[in-house]
Amino acid sequence: MLYNSILFFVFFSIVYSIYWLLPEKRRSDFLHISSGIFYIVASSTILSGIYFFFHFLIIVLFNYFAYFKIRTSAKPKAWMIFAVLLNAINLGFFKYFYFINRILFDLTKYPFFDEVPRILQISLPLAVSFYSFQMIAAAVDAYRKPDGELISLKQYLGFVIFFPVLIVGPILRTKDYFVNIGHLSPNKDKIIRASYLMISGLIKKILIADPVAGVIAPVFGSPGQYDNLSLVLAAFGYAIQVYCDFSGLTDMARAVGLYFGFELPENFNAPLFSPSGRELWQRWHMSLSFWLRDYIYFPLGGSKKGEWRTYLNLIITMTVGGVWHGADYTFIAWGFYWGVILAFERFLVGKFGWNDEDSKSKILNFLRIQFVFCLFSFSAILFRANSATKMLQHVVGIATNTQNYLSTSLQSLGFGWIENSISLVTGPSPFILESMKNIEKIGYSYLGFIVFHWIQSRKDLLLQWGRGKDWLVVACGVVTVFAIALLSEDSGACIYCQF
């Protein structure tokens, strides 16, 4: 049940209407119940939704018991470790069981491991990656700040199950959620900002991300059949798609939160206008980046254990971030790739005094931004690849897959007669590699990508300019509805919902 679906619109309309009609003291209870219904309905089937909802409640109860013990017992560290292990095991079993089994098979070639997926069927609970990280953060924060206010079980449940952020984030900390309690009243400014966020999210997701997805999917499905220009454009296209898809859905999640009175943290801040990898990850999926910093990088020692240990900590942290995204070798490669880049940047800063922040030279800054975008787009190949084999085909193909690559290879091996024979039936050049169709959509999407980055970098000025012009949000909404009705294609699945 994505935010851009009719089902969600109906669900939200009903919940929103009842929520503000209820007395203030009843609203939180109603929101908890609504979030539970959302969890069940948003799952793959109602039956699996009910099953995993009870599993979810059991995990929350164990986590709250650990949280309570952290705050009240004489051995808080032991209970904090228990909470972290509980969530890690829960996440690891459902998300990484098959991947670990595949690694064991690849290492041993023992037939039993090849049969396990057919013997044991494991489904992934809805939002397990997001709520596991939220509860780990809650436990660690409670241990680090023991003098904080004790949260009740009902409040804790509301924090974890809050449906606007359940399936796409941002990954909340307790302070992000509870700072809103006591300030949940109808507010015109919040409604206007929420409407703008909803409009931007719908445009990003439906009018930019989904059309690009249809163009690049065949290339990622069979990278060996496409020429190198198509492979390069597919990488750039996926970089655009993943930004517009994820930031668009995050905009919608923040909009829904604002409609209920909750100010949720921003998750994107024009990330691909960044002049360095370090800044990119401070502006992309910020709630995850800061989570990895606070609960992986800092506990490993951060930058306080020496130069080479700092580089290792960066690589480990980003690799963990890669594994969080998915159970495949491709995600390990993606995380390791970014860890090495961040470590190398750190080396340049420490050894040569390189400034990785914005340059005073606009030309140099522009070139650095484009270079970072190219690095990000290359990493998109690792992130999007359907398998490690296709990832390698895609990467190698960028260098080798000229349009007549197959023909030239046959000629060099002395098998040119095969091409000549087949050409008698199919016509000339039967082994020319395919080219991406509808390339112009990549160009249109790139313009939209740039516009929304510019909007994010100027959002305060734009909101100030639009203040008092209520007609403007109505006009934008009407135009958006017509644009979606006229230009939308089949809506694709949310990229980050699978994680």
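Remember, predicted model here, so these are calculated numbers, not experimental data.

Before going further, it helps to spend a moment on the UniProt feature "transmembrane region" (unreviewed entry) in the protein chain. The positions that UniProt labels "transmembrane region" (unreviewed entry) are, in the present scheme, residues 6-22, 37-66, 78-98, 119-143, 155-173, 333-354, 366-385 and 471-488. The straight-line gap between the two end C-alpha atoms of residues 37-66 is 26 Å; of that span, 90% is helix and 0% is strand. Measuring from the first to the last C-alpha atom of residues 366-385 gives 29 Å, for a span that is 95% helix and 0% strand.

Under the criterion given, the structure shown has 14 salt bridges. As a salt-bridge pair, D176 and K175 come within 3.5 Å of each other at their nearest N and O atoms. Relative accessible area serves as the criterion here: at 16%, D176 is assigned to the buried category. R283 is paired through a salt bridge with E279; the nearest N and O atoms lie 2.3 Å apart. Here the residue R283 and the residue E279 both occupy positions in helix α11 (residues 277-283), the gap between them amounting to four residues, near one helical turn.

Residue G169 is joined to P170 through a cis peptide bond whose omega torsion reads 5°. Phi angles above zero are rare outside glycine, and A270 is one such case at about 45°. For A270, a relative accessible area of 0% translates into the label buried. Phi is positive for N438, close to 55°, though the residue is something other than glycine. Tracing the chain through its elements places N438 in the loop between α18 (416-426) and α19 (440-457). On the basis of relative accessibility, which here comes to 41%, the residue N438 falls in the partly exposed class.

With the rule as written, the count across this model stands at four cavities of 30 Å³ or more. Volume-wise, the largest cavity comes out at about 60 Å³. If you go around the largest cavity, you meet 10 residues; those closest to its centre are V242, W284, W334, F376 and F383. At the level of secondary structure, the elements contributing two or more residues to the lining of the largest cavity comprise α10 (228-259) and α15 (362-384). Residue contributions to the lining of the largest cavity peak at four residues, all from α15. Per-class residue counts for the lining of the largest cavity are nine nonpolar, one polar and no charged.

Let us now look at helix α16 (residues 388-400). For α16, built from 13 residues, the straight-helix expectation of 18 Å at 1.5 Å per residue is met to within 8% by its first-to-last C-alpha distance of 18 Å. Those residues of α16 that are buried are in contact with α9 (188-221), α10, α14 (329-352) and α15.

Another point: the packing of helix α3 (residues 46-72) against helix α7 (residues 153-161). Packing of α3 against α7 leaves a shortest axis separation of 10 Å and a crossing angle of 125°. Looking at the two axes, α3 sits oblique to α7. Read as a crossing pair, α3 and α7 show a hand that is right-handed. Contacts from F53, F56, L57, V60, L61, N63, Y64 and Y67 in α3 reach L153, Y156, L157, V160 and I161 in α7. Considering only residue class, the contact of α3 with α7 consists of 12 nonpolar, one polar and no charged.

Here we come to a nonpolar patch on the surface. A surface patch of nonpolar side chains, amounting to about 630 Å² of accessible area, comprises L7, I33, I37, V41, I46, I50 and F54. Secondary-structure elements contributing two or more residues to the nonpolar patch are α2 (24-42) and α3. Note on placement: I50 falls in helix α3. A residue is classified by how much of its surface remains accessible, and I50, at 37% relative accessible area, is partly exposed.

Glancing now at the side chain of S276. Tracing the backbone through its elements, the reader meets S276 in the loop between α10 and α11. Leave out the neighbours within four places in its chain, and S276 touches E345, W354, D356 and V372.

As a packed pair, helix α4 (residues 76-108) and helix α6 (residues 128-144) sit with axes 9 Å apart at the nearest point and diverge in direction by 170°. Put simply, α4 runs roughly antiparallel to α6. Along the contact surface, α4 presents P76, K77, M80, A83, V84, N87, N90, L91 and K95, while α6 presents V128, S129, Y131, S132, F133, M135, I136, A139, V140 and Y143.

Thresholds, definitions, all that
- Residues numbered from 1 in each chain as written.
- Predicted model: local features only at pLDDT ≥ 70, side-chain atom pairs only at ≥ 80, totals over all residues.
- Heavy atoms only, no water.
- UniProt positions renumbered as here; feature names shortened; annotations may be inferred.
- Helix = DSSP H or I, 4+ residues; strand = E, 2+ residues; numbered from the N terminus.
- Salt bridge = Lys/Arg side-chain N within 4 Å of Asp/Glu carboxyl O.
- Buried < 20%, exposed > 50% of the residue type's maximum accessible area, 1.4 Å probe, protein only.
- 1 Å grid on protein atoms, 1.4 Å probe; cavity = no way out; pocket = protein on both sides within 12 Å on 5 of 7 lines; lining within 4 Å.
- Points joined across faces, edges and corners; volume = space filled by probe spheres on them.
- Nonpolar A, V, L, I, M, F, W, Y, C, P; charged D, E, K, R; others polar.
- Expected span 1.5 Å × (residues − 1).
- Contact = heavy atoms within 4.5 Å.
- Axes fitted to C-alpha atoms, helices over the stretch in contact; angles between N-to-C directions.
- Parallel < 35°, antiparallel > 145°, perpendicular 65-115°, else oblique.
- Left-handed = near helix turned anticlockwise from the far one by under 90°.
- Patch = residues over 30% accessible without salt bridge, like charges linked within 9 Å, V, L, I, M, F, W, Y side chains within 5 Å.
- Areas by Shrake-Rupley, 256 points an atom, 1.4 Å probe, with all protein chains shown as cover.

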